[in-house]
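Structural overview for review
Okay, here's what each chain looks like letter by letter:
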Amino acid sequence: MNSHSVVDISHSQSLAQPSLGGEEVVRLVDVRRRFNQTVALDGISLTVRKGEILGIIGRSGAGKSTLIRCLNGLERPDSGEIVIEGKRIDQLAERQLQPLRRRIGMIFQHFNLLSSKTVEANVALPLKIEGLPRSERLARAHELLDLVGLSDKAKAYPAQLSGGQKQRVGIARALAARPALLLSDEATSALDPQTTRSILALLKEINRKLGLTIVLITHEMDVVRTIADRVAVIDAGRIVEEGSVRSVFAAPQQEITKSLLSGNRPHLPEHLQTRLGSSGNSLVASIDLIGAYGQQQFFADLAETLAHGGSLVQGALDHIQGEPVARFFITIPADQQAILERLRAKLHAAGAHLEVLGHV
Ligand SMILES: Nc1ncnc2c1ncn2[C@@H]1O[C@H](COP(=O)(O)OP(=O)(O)O)[C@@H](O)[C@H]1O
Ligand SMILES: [Mg+2]
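A brief structural summary. Values in this document were obtained by computation on a predicted structure and should not be read as measured data. Along each chain, numbering runs from 1 in the same order as the chain's sequence is written. As they are written, the chains are lettered A onward and the ligands numbered 1 onward, keeping that order. Local features in this predicted model are restricted to residues whose pLDDT is 70 or higher, and side-chain atom pairs enter the listing and the counts only when it is 80 or higher, whereas totals over whole chains, interfaces and linings include all residues. Just so you know, side-chain values use all the structure's heavy atoms and leave hydrogens and water out.

**As for the environment of Lys204**
Numbering of helices and strands runs from the N terminus, with a helix taken as a DSSP run of H or I at least four residues long and a strand as a DSSP run of E at least two residues long. Take Lys204: it is sitting in helix α6 (residues 193–210). Exposure is judged per residue with a 1.4 Å probe applied to protein chains only, and the accessible area is read against the type maximum: over 50% gives exposed, under 20% gives buried, and values in between give partly exposed. Given a relative accessible area of 17%, Lys204 falls into the buried group. Measuring from C-alpha to C-alpha, the distance between Lys204 and Arg103 comes to 19 Å, with 101 residues separating the pair along the chain. One polar contact links the side chain of Lys204 to the main-chain carbonyl oxygen of Ile227, over a distance of 3.1 Å. For the purposes of these results, a polar contact is taken to be a pair of N or O atoms within 3.5 Å, where, inside protein, one atom must be able to donate a hydrogen and its partner to accept one; residues adjacent in sequence count only when each atom of the pair is a side-chain atom.

Structure follows, in structure tokens:
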């Protein structure tokens, strides 16, 4: 487990707990924002620490973009506190926000590059706004293009680039002013899976090399799973679940999280799901395990249980950020419940989880 995943401040009451990990780059306390009758943010509290990658996931309309726009001062909350690098920004006037925005880089789904400017001019643009001399701007732009693997495209125009290359330019531009924080709003949503992977790998590399703090919002679970340290699930303007990526992916607690994850996890086959009830000859159980439980021991215990007339009906062993995560569904005759309870106790002692879903 890395040092970030122990930091888990999602609700204002936990702000009083002693802080663990690095310094805070972002702190939100009870942030609220509504648009007429629509409550977009309904009391968001969260902390992001230096060097951390926080993924914020939620369905369309959950409030993700509003949240990220509040972070860079494009949107003003109705109430609550937004603190960036120790400085409260929610009350700042537009003019006072300008220097702050330079501390925050942003990348977008549709790249937002200027089509009339070359790649190097796009990357150098934030530095022009800062008033840096041309030679320094270009030197910095070339350094960044090298970082994102596009040195040979400095003189090209955006229209000559693929989607993935455009996003690399977007990333280089976002880094130009050496931001403390990088915000990403669905930055890979317009890209194919392979390009998405290469962009995520680049973001992770930048995070490691520069120690850059990243907040990325997405509706794609795979994005979070690939690069985030921690994940917050937002639904109807509230954070409903939060934790290390491993723990949330291995054992989601909220229905919304389970539903967002449904494409990524094994689920009970339809023919059993539809018959599931409170009576029947067999019990159906799910088993979730993560890391620690020695696989040989698990399969030995499972085989011993299934030997009592049970069967393995569905499941998979997968890896999340290098750690094995498994989910299985089993059935066992209802009169063998004691055997199932024995397995449950063994699993529980090993930090794994068995849940009886019902009868079929
Ligand atoms: N400028 C706005 N005017 C009116 N309603 C808005 C505005 N921005 C966002 N909303 C509403 O707030 C809710 C959250 O939107 P948004 O933050 O864009 O969600 P997401 O990015 O998760 O899809 C939605 O119901 C959306 O329609
Ligand atoms: Mg959005």
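**Description of the pattern of salt bridges**
We define a salt bridge as a contact between a side-chain nitrogen of Lys or Arg and a carboxyl oxygen of Asp or Glu at a distance within 4 Å. Scanning all chains against the criterion turns up 27 salt bridges. Here Lys155 makes a salt bridge to Glu120, at a shortest N to O gap of 2.8 Å. Of this pair, Lys155 sits in the loop between α4 (134–147) and α5 (163–175) while Glu120 is found in helix α3 (residues 119–130), placing the two residues 35 residues apart along the sequence. The exposed category is assigned to Lys155, whose relative accessible area is 59%. A salt bridge links Glu143 to Arg140; its shortest N-O distance comes to 2.7 Å. Of the two residues, Glu143 and Arg140 are both situated in helix α4; the distance of three residues between them amounts to about one turn of the helix. By relative accessible area, Arg140 is classed as buried at 11%. Among the ionic contacts, a cluster of salt bridges with common partners joins Asp30, Arg32, Asp42 and Arg238.

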